[in-house]
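Per-entry structural report
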Amino acid sequence: MSERISKLTRKTKETDIAISFSIDGSGKSQINTGIGFFNHMLEGFARHGFFDLEVNCEGDLAVDCHHTIEDCGIVLGNTIKNALGDKKGIKRYGSCILPMDETLVLCAIDLSGRPYLNFEADFTVEKVGYMDTEMVKEFFYAISYTAGMNLHIKVLNSGNNHHMVEAMFKAFARALDEATTIDPRITDILSTKGSL
């Protein structure tokens, strides 16, 4: 099996981003986005998905966190797509219902090539640390569309906003880990179409 790794850069007037992503990693990460809570979420994503992830982003944080978080989602989605290659042998589907104290979050993924985001969460604060809570949806939207994945994230039991966001990132990690797993029973592409 060839290495499932992708490295990408993207530079605009708003952000300068470099991301390295390995599907078959060990959970190591080196994250620098300038937004502490977002760093923490990406570190959790890498650790709980057993992905190796490096993110370096210089963004226009003097404006707000929007461009930094959205653009990181765009680049990360593209690295996931590139690392998957032709998707031969992968399980394609992954899901996780993850508890974090009082919070319970569902995440389900289909690496179908068809982008779609279904996101259900009601936050009660505008920010967690220096990360706007409305940017959580924007981040996952960017990933789903650039990676070409069908992504459902739903808060089943709400509570502390930190817990809600963290449970989403961890559930996403575990669902993506499952969906990208090579299954020896799948000798081609898991689709009646013959491609994803």
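Quick note: structure is the one above.
Report follows, based on the coordinates. Note that the structure is a prediction, hence the values are computed from the model and not measured.

**Some points on the pairing of strand β4 (residues 52-59)**
With eight bridges joining them, strand β2 (residues 15-22) and β4 adopt antiparallel strand pairing. Within β4, the residue paired with Ser22 across the bridge is Asp52. Examined bridge by bridge, strand β3 (residues 29-32) and β4 share four bridges and lie parallel to one another. Bridge pairing in β4 places Gln30 opposite Glu54. Handedness of the β-α-β unit built from β3, helix α1 (residues 36-49) and β4 comes out left-handed.

**Regarding helix α2 (residues 66-84)**
For α2, with 19 residues, the first-to-last C-alpha span of 27 Å sits near the 27 Å given by 1.5 Å per residue. In the segment just after α2, Gly85 is the residue with positive phi, at about 60 degrees.

**Re the environment of Leu42**
Structurally, Leu42 is set in helix α1. Accessibility expressed as a relative area gives 2% for Leu42, which makes it buried. For the pair Leu42 and Val75, spaced 33 residues apart in the sequence, the C-alpha separation amounts to 13 Å.

**A closer look at a nonpolar patch on the surface**
Taken together, the side chains of Tyr116, Tyr141 and Tyr145 define a hydrophobic patch exposed on the protein surface, amounting to about 330 Å² of accessible area. As for its placement among the helices and strands, Tyr116 is situated in strand β7 (residues 116-120).

**A closer look at unusual backbone geometry**
The backbone of Lys87 sits at a positive phi, close to 70 degrees, despite the residue not being glycine. By the secondary structure assignment, Lys87 is in the loop between α2 and β5 (93-100). Given the relative accessible area of 7%, Lys87 is considered buried.

**Considering the sheet that holds β3**
On the basis of which strands lie adjacent, the open sheet formed by four strands has the order β1-β2-β4-β3 and mixed pairing. Only two strands of the sheet have a single neighbouring strand rather than two, namely β1 (5-11) and β3. Sheet twist, expressed as the mean angle between neighbouring strand axes with direction ignored, is 5 degrees. Here β1 pairs with β2 via seven bridges, running antiparallel. When the bridges of β2 are listed, Ser6 appears paired with Phe21. Across the sheet, α1 lies against β2, β3 and β4, angled at about 160 degrees from β3, the strand it touches most. Running at roughly 35 degrees to β2, α2 makes contact with β1, β2 and β4 of the sheet.

Rules used throughout
- Residues numbered from 1 in each chain as written.
- Predicted model: local features only at pLDDT ≥ 70, side-chain atom pairs only at ≥ 80, totals over all residues.
- Heavy atoms only, no water.
- Pairing = 2+ DSSP bridges.
- Helix = DSSP H or I, 4+ residues; strand = E, 2+ residues; numbered from the N terminus.
- Right-handed = clockwise from strand over helix to strand, strands pointing away.
- Expected span 1.5 Å × (residues − 1).
- Buried < 20%, exposed > 50% of the residue type's maximum accessible area, 1.4 Å probe, protein only.
- Patch = residues over 30% accessible without salt bridge, like charges linked within 9 Å, V, L, I, M, F, W, Y side chains within 5 Å.
- Areas by Shrake-Rupley, 256 points an atom, 1.4 Å probe, with all protein chains shown as cover.
- Salt bridge = Lys/Arg side-chain N within 4 Å of Asp/Glu carboxyl O.
- Axes fitted to C-alpha atoms, helices over the stretch in contact; angles between N-to-C directions.
- Contact = heavy atoms within 4.5 Å.

Structural measurements only, silent on function.
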